[in-house]
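In case you want the letters, here they are:
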Amino acid sequence: AGSLLSKDSIKLDLSNIQKIYNFKGYSNAYVTSSIENYSKDRVNLIFSINEGQPSKISKIDFNGNYFFSDSYLNSIIMSEKISPLNIFAKGSNLDPAIFEFDIEKISNEYMMYGFNKVDVTYTLDNKSKNNYYLYFNINEGERLIIDEADISFISNNLSDTFINNFNKFKNDLSKGDNYFNEKLIIKYLNKFNNILISNNILDTSFNYIINQNN
């Protein structure tokens, strides 16, 4: 079985192969095609690929971050730098799919602490032929403040337990200047729901709602 030879299809294939290599960090890859006669009406289509040296991220830096340190943000992302002097490093770490994943990871971490309008982008700086610096650019925006917190429940026999724990929550919240902190909220939600479970109340659960003004 075979297929008809089409110059347009070959051009598209060359372009797609080139894009795949570029996407994987082989920015110097070069792809060509040639035809080899097989019989009177058949030919072999040959793609010749010179991969070249893979491009590498040798430095990762963060701009505009004040709430989180560089070291913390570096610890939560998937991107890793490779020293250009590391002769044992094979392949490329220049992968836009990972950069986009890291943007989502950084954004979610900020939103957990009330920065719901954070904006994260990345830029690549080509320092040499195969050597890149990766920068994550962060506009944190303003952080949400909880002006008022209240709790609602229907189990009167556990009211003292819930109120005592809710007061502890508000105390912990005030220690953080009442800034929104979803990790703290989830911590106490788990406490409230565990109280329900331990008292065999399985048809009720706690959640939280934010009413945002300004």
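Residues numbered from 1 in each chain as written. Predicted model: local features only at pLDDT ≥ 70, side-chain atom pairs only at ≥ 80, totals over all residues. Heavy atoms only, no water.

With that out of the way, let us pick up the overall build of the protein. Along the backbone of the protein there are five helices and five strands. Of the regular secondary structure in the protein, the N- to C-terminal order runs α-β-β-β-α-α-β-β-α-α. In terms of C-alpha radius of gyration, the protein reaches 28 Å, well past the compact-globule figure of 17 Å for 214 residues. The principal-axis extents of the C-alpha atoms in the protein amount to approximately 90 × 45 × 40 Å. The buried share of the protein, reckoned over its 214 residues, is 32%. (Helix = DSSP H or I, 4+ residues; strand = E, 2+ residues; numbered from the N terminus. Rg over C-alpha atoms; globule rule 2.2 N^0.38 Å. Buried < 20%, exposed > 50% of the residue type's maximum accessible area, 1.4 Å probe, protein only.)

One finds F62, L73, I106, Y110, F136 and I138 to be the most contacted residues of the largest nonpolar core, which totals 20 residues. For this core, the secondary structure elements donating two or more residues are β3 (56-63), α2 (70-76), α3 (96-112) and β5 (131-139). (Core = buried A, V, L, I, M, F, W, Y, C linked by side-chain atoms within 4.5 Å.)

So, about the packing of helix α4 (residues 159-175) against helix α5 (residues 182-198). Orientation of α4 relative to α5, taken along the N-to-C sense of each, is 170 degrees, at an axis distance of 11 Å. On the basis of their axis angle, the class for α4 and α5 is roughly antiparallel. Within the contact between the two elements, α4 uses T161, F162, N165, F166, K168, F169, D172 and L173 and α5 uses L184, I185, K187, Y188, K191, F192, I195 and L196. (Axes fitted to C-alpha atoms, helices over the stretch in contact; angles between N-to-C directions. Parallel < 35°, antiparallel > 145°, perpendicular 65-115°, else oblique. Contact = heavy atoms within 4.5 Å.)

Applying the stated criterion across every chain, the model contains two salt bridges. Across the pair K175 and D172 runs a salt bridge whose closest N-O atoms are separated by 3.8 Å. Separated by three residues within a single helix, K175 and D172 lie in helix α4, roughly one turn from each other. Residue classification places K175 among the exposed positions, given a relative accessible area of 63%. Given the relative accessible area of 23%, D172 is considered partly exposed. (Salt bridge = Lys/Arg side-chain N within 4 Å of Asp/Glu carboxyl O.)

The next thing to look at is the environment of G176. Within the fold, G176 resides in the loop between α4 and α5. Overall, the relative accessible area of 33% leaves G176 in the partly exposed class. Counting along the chain gives 31 residues from G176 to I145, while the straight-line C-alpha distance between them is 9.9 Å.

What follows covers unusual backbone geometry. With a phi angle near 60 degrees, D177 is a residue other than glycine that sits in the positive phi range. Residue placement: D177 occurs in the loop between α4 and α5. Overall, the relative accessible area of 57% leaves D177 in the exposed class. Notably, N200 is not glycine yet its phi reads approximately 60 degrees, a positive angle. With respect to the helices, strands and loops of the structure, N200 is situated in the segment after α5.

It is worth spelling out the packing of aromatic side chains at this point. Under the criterion given, the structure shown has 17 aromatic pairs. Summarising the aromatic geometry, the rings of F62 and F136 are spaced 5.6 Å apart at their centres and angled 20 degrees between planes, so their arrangement reads as stacked. Highlighted residues: F62 in strand β3 and F136 in strand β5, separated in sequence by 74 residues. A relative accessible area of 0% places F136 in the buried class. Taking the centre distance of 5.2 Å and the plane angle of 45 degrees together, the rings of F192 and F206 count as tilted. On the criterion of sequence distance, the pair formed by F192 in helix α5 and F206 in the segment after α5 is long-range, its members being 14 residues apart. On the basis of relative accessible area, F206 is assigned to the buried category, the value being 13%. Taken together through their ring pairs, the aromatic side chains of F153, F162, F166, F169, Y188, F192 and F206 make up a single cluster. (Phe/Tyr/Trp six-rings, centres within 6.5 Å; stacked < 30°, edge-to-face > 60°.)

So yeah, pure geometry; function would need other evidence.
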